[in-house]
Amino acid sequence: MPLHGRARSEAHVREFSYVSRDSRCIASPASAEIACPIAAGQRQVAVLLLSTSLLISAQGGDAVQLRVQGIPTEEFDRLRTGGADAHGQPALIRTAEGVANPCRHCLQHIKEGDDKLVLAYQPFAVRQPYAETGPIFLHREACARYDASTLPEWFTMLDPAAIRGYGADNWIRYETGQVVRGNELASACESILSDDDIAYVHIRSKYGCFQCRVDRD
Ligand SMILES: [Zn+2]
């Protein structure tokens, strides 16, 4: 099964060349394209090597500063005061059970026993084919929007997490899609955002639920 990828920098091309020697991939620095005619059973190993090369190239290049934010406060206030969700319905009110009820505004867990809002959310400003809609939780009471240069500590518990980059047109850039361990999320975001063609990253849980957006600061 062929595996294709795209290098994002000269350093990245060198890393692809390294992968090339071990995996018999064909690397073309001129076009920054690679093609790996590998067997299906070897695919996971090659993907791991390519993923590792992404991390190495990020560490070797200019550092990317992240900006991690919860959903906009105006949207949070509108939704928790009865505004329609992405499906045109008011949010449901439920009692938080267990320890995994993340509010997408403050990016902290809603305390067990507290009220939570359950609603459909579309984390895009413009409705277009790639504007996915899915369920999220929010605090019912007011909370402070998360806005920091680092991911919330509990994101290390997202195991695995799904991440992907989007272009300025809000379309998915498929070559950026990765499934990573929670403790690899920050490095993966930095690697994806080291490519100026990527406007932002979305982090999702293994269930596909939107967690937050990460921008280049
Ligand atoms: Zn909150």
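Basis of the calculations
Residues numbered from 1 in each chain as written. Predicted model: local features only at pLDDT ≥ 70, side-chain atom pairs only at ≥ 80, totals over all residues. Heavy atoms only, no water. Helix = DSSP H or I, 4+ residues; strand = E, 2+ residues; numbered from the N terminus. Buried < 20%, exposed > 50% of the residue type's maximum accessible area, 1.4 Å probe, protein only. Pairing = 2+ DSSP bridges. Axes fitted to C-alpha atoms, helices over the stretch in contact; angles between N-to-C directions. Contact = heavy atoms within 4.5 Å. 1 Å grid on protein atoms, 1.4 Å probe; cavity = no way out; pocket = protein on both sides within 12 Å on 5 of 7 lines; lining within 4 Å. Points joined across faces, edges and corners; volume = space filled by probe spheres on them. Nonpolar A, V, L, I, M, F, W, Y, C, P; charged D, E, K, R; others polar. Phe/Tyr/Trp six-rings, centres within 6.5 Å; stacked < 30°, edge-to-face > 60°.

Asks: I keep staring at the environment of Val118 and nothing clicks. Help me out?
Replies: Topologically, Val118 is positioned in strand 6 (residues 115-121). For Val118, a relative accessible area of 23% gives the class partly exposed. With 20 residues separating them in the primary sequence, Val118 and Leu138 have C-alpha atoms 6.8 Å apart.

Asks: What's the story with the sheet that holds strand 4 (residues 66-69) in this structure? I'm lost.
Replies: Note on sheets: strands pair through backbone hydrogen bonds, and any given pair is parallel or antiparallel. The 6 strands are arranged 8-4-12-11-9-10 in an open sheet whose pairing can be described as antiparallel. Two strands lie at the open edges of the sheet, namely strand 8 (147-148) and strand 10 (172-180), each paired on one side alone. For strand 9 (residues 161-166) and strand 11 (residues 200-204), the ladder comprises 5 bridges, and the chain directions are antiparallel. Within the sheet, the bridge partner assigned to Ala162 lies in strand 11 and is Arg204.

Asks: Looking at this structure, I do not really get the sheet that holds strand 5 (residues 92-95). What am I missing?
Replies: Spatial ordering of the open sheet is given by 5-6-7, a layout of 3 strands whose pairing is antiparallel. Two strands close off the open sheet at either side, each with one partner strand: strand 5 and strand 7 (134-139). Averaged over all pairs of adjacent strands, the angle between strand axes in this sheet comes to 35 degrees, irrespective of strand direction. Note that strand 5 and strand 6 share 4 bridges and pair antiparallel. Paired with Thr95 across the bridge in strand 6 is Asp115. The strands touched by helix 3 (residues 73-80) within the sheet are strand 6 and strand 7, with strand 6 carrying the most contacts at an inclination of about 110 degrees.

Asks: Even after reading the chapter, I still don't get the layout of surface pockets, so can you show me in this structure?
Replies: Gaps left between atoms show up when a probe the size of a water molecule is rolled over them. Here the second largest pocket defines a volume of roughly 410 Å³. Surrounding the second largest pocket, 25 residues form its lining, Pro72, Tyr121, Gln122, Pro123 and Phe124 being those nearest its centre. Looking at which element gives the most residues to the lining of the second largest pocket, the answer is strand 12 (residues 210-216), with 4 residues. In terms of residue class, the lining of the second largest pocket is made up of 13 nonpolar, 5 polar and 7 charged.

Asks: Which parts of the structure should I look at to understand the packing of aromatic side chains?
Replies: Geometry of an aromatic ring pair is reported as the spacing of the ring centres plus the angle between the planes. Applying the stated rule across the entire model yields 6 aromatic pairs. Judged by centre distance (4.7 Å) and plane angle (35 degrees), the rings of Tyr130 and Trp171 are tilted. Here the residue Tyr130 occupies a position in the loop between strand 6 and strand 7, and Trp171 occupies one in the loop between strand 9 and strand 10, the gap between them amounting to 41 residues. When the centroid spacing of 6.3 Å and the interplanar angle of 65 degrees are considered together, the rings of Tyr130 and Tyr174 count as edge-to-face. Of this pair, Tyr130 sits in the loop between strand 6 and strand 7 while Tyr174 sits in strand 10, and the two are 44 residues apart along the sequence.

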